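Structure assessment
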Amino acid sequence: MRTRRRLLTVTGIAAAALATAGLNTSAFAATTLSSGHVDVLDAEWDGADLHLHVHDEETETEYEPADVTLSVPAAAKVANPGYGFLGSGSQIWLLPDTEAEADAAGVLFPGISTEHLTTGVFANNTVTYTLVSATRDGAATDDFSVYAGSGSRWFDSNTAITTFKSRTFGVATHNHANWAFEEAGTYQLTFRVQGTAGGVTESATETYTVAVSS
């Protein structure tokens, strides 16, 4: 069972220890996550502000998004299921929406979590996740999407459309969908979580690095 209140992420704890020892905290290495159940988008409320973290369910460890690289290996390649928004390539890199599939392929099982947000805090007991921007190798890309089931899009990075950029989730829930990448490269995905607490709009925005190997 995970602890509901975590005052420092693992990186923050290590950095604090290094600072106490008088060492250079900028040298603290980033973490690469490449398999297992990981809540990529994990929202928390500390009573005053929203926060976004990456939560590794395998080790019950929490990271700041800037300190994590999410690795998508060549083993993630699958046949393109043929949904129009996934382009015309014969293959895509897929982080699947079931843990069994992810474990069989040895890839990440990515989650979108509001588990740490309790009822009665946010209006309608919901918050909204928004894909603010997506780049691949430094340029805007339409090669990223998140979809459930038989092609039901949740998010799509295609800049030619304004739809499939935001999705609302109930608080205290745990959600999974397929994360798809149409090309290899280094993706920078910026997400925002937003909700209304006490009549005030609260939000947090973070950028996630995803390395997709050819």
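Each chain has its residues counted from 1, running along the sequence as written. In keeping with the model being predicted, local features are shown solely for residues with a pLDDT of at least 70 and side-chain atom pairs are shown and tallied solely at 80 or more, while totals for entire chains, interfaces and linings include all residues. As a rule here, side-chain values come from all non-hydrogen atoms in the structure, and water together with hydrogens is ignored.

**With respect to the nonpolar core**
Short version of the rule: As used here, the term nonpolar core means buried Ala, Val, Leu, Ile, Met, Phe, Trp, Tyr and Cys residues forming a set that is joined through side-chain atoms within 4.5 Å. When a residue's accessible area, from a 1.4 Å probe over protein chains only, is under 20% of the maximum for its type it is buried; when over 50% it is exposed; and in between it is partly exposed. Residues count as neighbours in contact if any of their non-hydrogen atoms are within 4.5 Å of one another.
Counting residues in hydrophobic clusters, the biggest one holds 46 residues, and the most contacted among them are Tyr-129, Phe-144, Trp-179, Phe-181, Leu-189 and Phe-191. Look past the residues within four positions of Leu-189 in its chain and what remains in contact with it is Ser-133, Ala-134, Phe-144, Trp-179, Phe-181, Glu-206, Thr-207, Tyr-208 and Val-210. Ranked by size, the runner-up nonpolar core spans 6 residues in total, among them Phe-85, Leu-86, Leu-94 and Ala-180.

**Description of the sheet that holds strand β8 (residues 108-113)**
Operational definition: In this analysis, strands are considered paired if DSSP registers two or more bridges between them. Each helix is a run of DSSP H or I of at least 4 residues and each strand a run of E of at least 2, with the numbering of both proceeding from the N terminus. Here an axis means a line fitted to C-alpha atoms, over the contact stretch when the element is a helix, while the angle between two N-to-C directions is reported on a 0 to 180 degree scale.
An order of β4-β3-β2-β8-β14 is seen for the 5 strands of this open sheet, with the pairing classed as mixed. Single-partner strands in this sheet number two, and they are β4 (61-63) and β14 (174-176). Pairwise comparison of adjacent strand axes, ignoring direction, gives a mean angle of 30° for this sheet. Bridge count for strand β3 (residues 50-56) against β4 is 3 bridges, and the pairing is antiparallel. Looking at β4, one finds that Asp-56 is bridged to Thr-61.

**A short note on the confidence of the model for the protein chain**
Stated precisely, the cut-off is as follows: Known as pLDDT, the predictor's confidence for each residue is given on a scale from 0 to 100.
Chain-level pLDDT for the protein chain is 89 on average; 86% of the residues reach the 70-or-more range. Residue range residues 1-29 is modelled with pLDDT below 50. Its contacts to residues more than four positions away, or to other chains, number 34 contacts.

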